[in-house]
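Residue-level structural notes
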Amino acid sequence: MPDAATRPGLRPRRVPQRTCVGCSSVTAKRELIRIVRGLDGVVRPDPTGKAAGRGAYLRADRTCWDTALKKKKLERSLNVAILPEGREALVAYAQELPAGAPA
Ligand SMILES: [Zn+2]
């Protein structure tokens, strides 16, 4: 009879984590917003996290989005050039987010 500590049902559940492209902090995936490079090559926010394509993650903090866009971290992470339209969509999305404390 296995003792309680080794029963599979009692294993601690691992929370999936991802790195924020903006500030490089590792955060629970559910607290991050996915950015996807779609199959059409267009980069867009993917709040559902389900769109097909290569994804990158950003915290729901405008500062992280600003950093990721300005320093081209998002482009590097997704390995794609973000066109002006795509950039505008990301900036517009970021403007709806709360701004964190200045770094
Ligand atoms: Zn961040």
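Scroll up a little and you will see the structure.
Rules used in this analysis
Residues numbered from 1 in each chain as written. Predicted model: local features only at pLDDT ≥ 70, side-chain atom pairs only at ≥ 80, totals over all residues. Heavy atoms only, no water. Donors = N, O, S within 2.8 Å, 3.2 Å for Na, K, Ca; no water. Helix = DSSP H or I, 4+ residues; strand = E, 2+ residues; numbered from the N terminus. Buried < 20%, exposed > 50% of the residue type's maximum accessible area, 1.4 Å probe, protein only. Contact = heavy atoms within 4.5 Å.

**Some remarks on the coordination of the zinc ion**
Of the protein atoms, only Cys20 (SG), Cys23 (SG) and Cys64 (SG) coordinate the zinc ion, at distances of 2.1 to 2.2 Å. Donor residues for the zinc ion, ordered by position in the chain, follow C-x2-C-x40-C. Here Cys64 lies in helix H1 (residues 62–70) and Cys20 lies in the loop between strand E1 (17–19) and strand E2 (26–28), a separation of 44 residues in the sequence. Neither Cys20 nor Cys64 differs from the other in exposure class; each is buried.

**Section: the environment of Pro16**
Structurally, Pro16 is set in the segment before E1. Look at Pro16 and you get partly exposed, because its relative accessible area is 47%. In this structure the C-alpha to C-alpha distance between Pro16 and Arg30, which are 14 residues apart in sequence, comes to 8.0 Å. Sequence-distant contacts of Pro16, defined by excluding residues within four places in its chain, comprise Thr27, Ala28 and Lys29.

**Brief notes about unusual backbone geometry**
Despite not being glycine, Ser24 shows a phi value in the positive range, around 65 degrees. Relative to the helices and strands, Ser24 resides in the loop between E1 and E2.

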